[in-house]
Amino acid sequence: MSKQTFGPGTWALLAGVVALGVIGASVQSWQFMLTVALGKGVVAIGVALLLRSGLASFGQALYYAVGAYTIGLATNLLGWHELALLLPAAAAAGAVLAFALGFLLSRYRDIFFAMLTLALSMIVYGLLMNTVELGGSDGFNVHGLTLLGLGASTDGTESNLAGTALFGVVFVVSLISVALVSWFMRTRAGRLGPAIRDNEIRVEYLGTSARSNIHLTYVIAGALGGLGGALSSFTVGHIDPDMAFWTTSGDFIFIAVLSGTGYAFAPFVGAILLEVVRSAAYQYAPNSWHLVMGVIMLSIIAFLPTGLTSLRLFRKKATEPGAPQASVKQQNLKGVKA
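Computed from a predicted structure; not experimentally measured. (Residues numbered from 1 in each chain as written. Predicted model: local features only at pLDDT ≥ 70, side-chain atom pairs only at ≥ 80, totals over all residues. Heavy atoms only, no water.)

1. Description of the overall build of the chain
Counting its secondary structure elements, the chain contains 12 helices and 2 strands. Reading the chain from its N terminus to its C terminus gives the helix and strand order α-α-α-α-α-β-α-α-α-β-α-α-α-α. Taken over 338 residues, the chain has a buried fraction of 46%. Long-range pairs, those at least 24 residues apart, make up 79% of the contacts in the chain between residues at least 6 apart in sequence. Summing over all exposed atoms, the chain offers an accessible surface of approximately 17,200 Å²; the carbon and sulfur share of this is 66%. (Helix = DSSP H or I, 4+ residues; strand = E, 2+ residues; numbered from the N terminus. Buried < 20%, exposed > 50% of the residue type's maximum accessible area, 1.4 Å probe, protein only. Contact = heavy atoms within 4.5 Å. Areas by Shrake-Rupley, 256 points an atom, 1.4 Å probe, with all protein chains shown as cover.)

Structure representation (structure tokens):
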């Protein structure tokens, strides 16, 4: 048995994580942008998981908004300000809603799944726009957050965590999310995703319910969506119905396509690149930044069909030079049998 060593992709990933942490903690001008990007990256992981199963969710902004409004309502109505309590609550809210809607959505595939997710998201958007108790079209602010008591004021006035502390929270939560999703992708349920995408009928013949697996994946994506919405809400300090709008879901789809679905960390790379490109487009082409984004998307589809994971740096080497490789479907179905 050959000894495993770190490849160039692993070293590049470790260097990138360290560089991201250092830049986010020390460069104030980049701190906000990186924090927002990481929050969106958490949501995009869920979108990428669904894409692995051959499903495109155009309504993931639904859970993004649910997580954000959970934070807003808890802080403004219930008086909760502790992030150690608020973040699990937001993730749980997204998971519970996804579990309920999953019974319907797990029955559909392809364009039907995509349109249903979009419709559900727009229904929630309409409700948020017309509900005065939830702030209506203006939304409301999120403030006064603490972490294990840190950030609380000692003179009785309202305080908040500093920007560097908030970046640290988002950074750590993002790393935990990557670790958990990486573990899930290596489990039997995680391996079923690409197998279902390639040949759902064969998966059913193997004695496994494709619908149940899709339901599970959708719940995980919903939990990640709620968590990402929570991270973005206290980063920006404000929530509004636009968080559930279809263009927000488009951002997550863009990130997932840009990054690819081969690795759990890839959506974060895509999210950071999206924010950098968008900021540059706003600055240098404010009247045509949509055109810039469209050209980039077309270029990715043409030259990097599986996203950033198409790059040579992330390609996996064969275990033995010259050894015959199994087909894609055989690799995806490997390990599915009980």
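Past the structure itself, the notes keep going.
2. Digging into the side chain of Asn213
Mapped onto the elements of the fold, Asn213 is located in helix H8 (residues 210-236). A polar contact of 3.1 Å, which involves the side chain of Asn213, links it to the backbone oxygen of Ala189. (Polar contact = N/O pair within 3.5 Å; in protein donor to acceptor, adjacent residues only side chain to side chain.)

3. Brief notes about the packing of aromatic side chains
Under the defined criterion, the tally for this structure stands at 9 aromatic pairs. Aromatic side chains Phe99 and Phe103 sit 5.0 Å apart centroid to centroid with 80° between the ring planes, which places their arrangement in the edge-to-face category. Of the two residues, Phe99 and Phe103 are both situated in helix H4 (residues 83-105); the distance of 4 residues between them amounts to about one turn of the helix. A relative accessible area of 46% means that Phe99 is categorised as partly exposed. With 5.3 Å between their ring centres and 40° between their planes, Tyr263 and Phe265 make a pair best called tilted. Counting every residue linked through ring pairs, the aromatic cluster contains Tyr63, Phe113 and Tyr218. (Phe/Tyr/Trp six-rings, centres within 6.5 Å; stacked < 30°, edge-to-face > 60°.)

4. Describing the nonpolar core
Here is a general trend for soluble globular proteins: nonpolar side chains tend to be buried in one another's company. Membership of the largest hydrophobic core comes to 81 residues, with the highest contact counts inside it found for Leu87, Tyr218 and Phe234. Not counting the four nearest positions on each side in its chain, Phe234 is found in contact with Leu83, Leu87, Val142, Leu145, Leu166, Val169 and Val170. (Core = buried A, V, L, I, M, F, W, Y, C linked by side-chain atoms within 4.5 Å.)

5. Observations regarding the side chain of Thr75
In this structure, Thr75 sits in helix H3 (residues 61-78). A polar contact of 3.0 Å, which involves the side chain of Thr75, links it to the backbone oxygen of Gly72. Within the structure, Thr75 has its side chain in polar contact with the side chain of Asn76 (distance 3.3 Å).

6. Thoughts on helix H2 (residues 28-52)
With 25 residues, H2 extends 36 Å from end C-alpha to end C-alpha; this agrees with the ideal 36 Å at 1.5 Å per step. Along its length, H2 reaches its greatest deviation from straightness, about 25°, at Val42. Here H2 lies mainly inside the structure; 20 of its 25 residues are buried. Where H2 terminates, the next one or two residues include Gly54, which has phi positive at roughly 85°. (Expected span 1.5 Å × (residues − 1). Bend = angle between axes of the 7 residues up to and from the residue.)

7. Section: a nonpolar patch on the surface
Taken together, Phe58, Leu104, Tyr108, Ile111, Phe112 and Met115 make up a surface patch of nonpolar side chains, about 560 Å² in accessible area. As for its position among the elements, Phe112 is in helix H5 (residues 110-129). (Patch = residues over 30% accessible without salt bridge, like charges linked within 9 Å, V, L, I, M, F, W, Y side chains within 5 Å. Salt bridge = Lys/Arg side-chain N within 4 Å of Asp/Glu carboxyl O.)

8. Here's the deal with the confidence of the model for the chain
Within the chain, residue pLDDT values average 80, and 83% of them lie at 70 or more. The model gives residues 1-5 a pLDDT under 50, and that stretch makes 0 contacts with residues more than four places away or in other chains. Between residues 317-328, whose pLDDT stays under 50, and residues either more than four places distant or in other chains, the model counts 4 contacts. (pLDDT = per-residue confidence, 0-100.)

9. Here we look at the environment of Trp80
Here Trp80 shows up in the loop between H3 and H4. When its relative accessible area of 34% is taken as the criterion, Trp80 is described as partly exposed. Apart from the residues within four sequence positions on either side, Trp80 is in contact with Ala74, Thr75, Leu85 and Leu86.

10. Description of the pattern of salt bridges
Per the stated rule, a full pass over the model turns up 6 salt bridges. The residue Asp251 makes a salt bridge to Lys40 at a minimum N-O spacing of 3.6 Å. One end of the pair, Asp251, is in helix H9 (residues 246-259); the other, Lys40, is in helix H2, and 211 residues separate them in sequence. There is no split in this pair, since Asp251 and Lys40 are both buried.

11. Here we look at the packing of H2 against helix H6 (residues 163-186)
Taken N-terminus to C-terminus, the directions of H2 and H6 make an angle of 20°; their axes are 9 Å apart at the nearest point. Taken together, the axis directions place H2 and H6 in an arrangement best described as roughly parallel. When you trace H2 past H6, the crossing you get is left-handed. Facing Gln28, Gln31, Leu34, Thr35, Leu38, Gly39, Val42, Ile45, Leu49 and Arg52 of H2, the residues of H6 in contact are Gly163, Thr164, Phe167, Val170, Phe171, Ser174, Ser177, Val178, Val181, Phe184 and Met185. Looking at the contact of H2 with H6 residue by residue, the class counts come to 12 nonpolar, 8 polar and 1 charged. (Axes fitted to C-alpha atoms, helices over the stretch in contact; angles between N-to-C directions. Parallel < 35°, antiparallel > 145°, perpendicular 65-115°, else oblique. Left-handed = near helix turned anticlockwise from the far one by under 90°. Nonpolar A, V, L, I, M, F, W, Y, C, P; charged D, E, K, R; others polar.)

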